[in-house]
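Residue-level structure breakdown
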Amino acid sequence: MNSPSKKARNLIYDIETCPALGLYFGKPFDVRIAKTVQHEYVFGFAWQWEDEPEIHTCYIWDFPEYNKKVDLKNVSLAKTIKALNKNITAGSKQVLKVWSDLVNEADYVTGHNSDSFDYKQMHGRLIQYKLPPIHRPQFVDTKKMAKRLGYYDSNSLDNLSNRFGNGGKMAHDGIDMWWACMNGDKKARQHMVDYNIVDVEKTLKLYHDFRPYDYLHPNVANITNRPDACPKCGSEKGMVSEGTGHTKTGEYRTFKCKSCHTKTRFRKGERNEKPKYV
């Protein structure tokens, strides 16, 4: 029995992380960290469902678990850091729970360099904090799209967005913004959130630029149980026949989507008899 048709849920997201703190000897440009006193952690993330206009955010400082006061009087530096790390862990768990619920709802998730960075950062902490496993959706990484579909002098989100006419990333004060966020600066934290939102906007536009050309994109028609829909964008406005195409072993009718203009073909071949030799 076939399941009823539905809309594909594509989650576009981007995370922001906090740098680690460490002790070192020597000059800053020749650093060998002697001891890490606070590991890197996730500040938060922004996300958007592809078919919805709103961009949402979830940050560690949104939760009371992170904002508990730490007594700094007559306490050693080591104990202060330990107390701060306890707050970070509690707040991080809340951020991860929100992210987990979203990923569990998604049919596929989209990000820029997300396979190598964003997903591994979040999933690694999910394991570290012994939170429940998530189901593994299909992944779309716009950086991987850029690398396999063309050649560009840089595959960074900023460079690709500029080259594709979508505008660059939001400017910021570099590491000073991260340091200010770590120290509770409200203005810096708001700038971080705004910066994160713009990254999601740029990622979605870049995804739409690459999607019609991507031969590894998830099959949206299969996800939504709509056999006549475009396999890339899910449109049911129709496909235009463009004759036939050939693989090494078969002949197939080819089509172009009226909405996104992607090229596709029938699953079933035109010939019943296959070549004897390949």
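Per chain, residue numbering runs from 1 following the sequence as it is written. The model is predicted, so local features are restricted to residues of pLDDT at least 70 and side-chain atom pairs to those at 80 or more, both for listing and for counting; the totals for chains, interfaces and linings are taken over all residues. Only heavy atoms go into the side-chain values, all of them from the structure, while hydrogens and water stay out.

Right, let's talk about the overall build of the protein chain for a bit. Helix numbering and strand numbering both begin at the N terminus, where a helix is a DSSP run of H or I of at least 4 residues and a strand a DSSP run of E of at least 2. The helix and strand tally for the protein chain stands at seven helices and ten strands. Here the globule rule is a power law, 2.2 Å times the number of residues to the power 0.38, and the radius of gyration is based on C-alpha atoms. The C-alpha radius of gyration of the protein chain comes to 23 Å, more than 25% above the 19 Å expected for a compact globule of 278 residues. Seen along its three principal axes, the alpha-carbon backbone of the protein chain occupies a region of about 85 × 45 × 40 Å. Out of the 278 residues belonging to the protein chain, those deemed buried represent 41%. Here, two residues are considered to be in contact whenever any of their heavy atoms come within 4.5 Å of each other. Taking all contacts inside the protein chain whose residues are at least 6 apart in sequence as the whole, residues at least 24 apart take part in 62%. Placing the 44 positive and 33 negative side-chain charges of the protein chain at their respective mean positions leaves the two points 5 Å apart. Here's how the labels work: a residue is buried when its accessible area is under 20% of the maximum for its type, exposed when over 50%, partly exposed in between, all with a 1.4 Å probe on protein chains only. In summary, the charge assignment counts Lys and Arg as positive and Asp and Glu as negative, without counting His or the chain termini. Where a charge lies is defined by one atom per residue type, namely NZ (Lys), CZ (Arg), CG (Asp) and CD (Glu).

Two strands qualify as a pair provided that DSSP identifies no fewer than 2 bridges between them. Taken in spatial order, the five strands line up as 5-4-1-6-7 in an open sheet, and their pairing is mixed. Only two strands of the sheet have a single partner each, and these edge strands are strand 5 (56–59) and strand 7 (138–141). Taken pair by pair, the neighbouring strands of this sheet meet at an average axis angle of 25 degrees, ignoring direction. Sheet topology note: the strand 1 (residues 10–18)/strand 4 (residues 41–49) ladder contains eight bridges and is antiparallel. From the neighbouring strand, I12 faces strand 4, where its bridge partner is Q48. For helices, the fitted line uses only the C-alpha atoms of the stretch in contact; every axis is such a line through C-alpha atoms, and the angle between N-to-C directions lies from 0 to 180 degrees. Sheet strands in contact with helix 5 (residues 175–182) are strand 1 and strand 4, and its direction is about 85 degrees off that of strand 1. Strands in contact with helix 6 (residues 186–210) are strand 1, strand 4, strand 5, strand 6 (108–111) and strand 7; relative to strand 1, the strand with the most contacts, it is inclined by about 145 degrees.

Let us now look at the pairing of strand 8 (residues 239–246). Note: strand 8 against strand 9 (residues 251–257), six bridges, orientation antiparallel. Residue S241 lies in a different strand from strand 9, and its bridge partner there is F255. Between the end of strand 8 and the start of strand 9, which pair antiparallel, lie four residues.

Across the seven residues of strand 9, five count as buried, placing the element largely inside the fold. Pairing of strand 9 with strand 10 (residues 263–265) involves three bridges; the strand directions are antiparallel. Opposite T254, over in strand 10, you have R265 as the bridge partner.

Now for a positive patch on the surface. Here, patches come from residues exposed beyond 30% relative accessible area and free of salt bridges, joined within 9 Å for like charges and within 5 Å for nonpolar side chains (Val, Leu, Ile, Met, Phe, Trp, Tyr). Under the convention used here, a 1.4 Å probe and the Shrake-Rupley method define accessible areas, while residue burial counts only the protein chains that appear. Any Lys or Arg side-chain nitrogen located within 4 Å of an Asp or Glu carboxyl oxygen qualifies as a salt bridge. Together, K68, K79, K82 and K86 make up a positively charged patch on the protein surface. Structurally, K82 can be placed in helix 1 (residues 77–105). With relative accessibility at 65%, the residue K82 sits in the exposed group.

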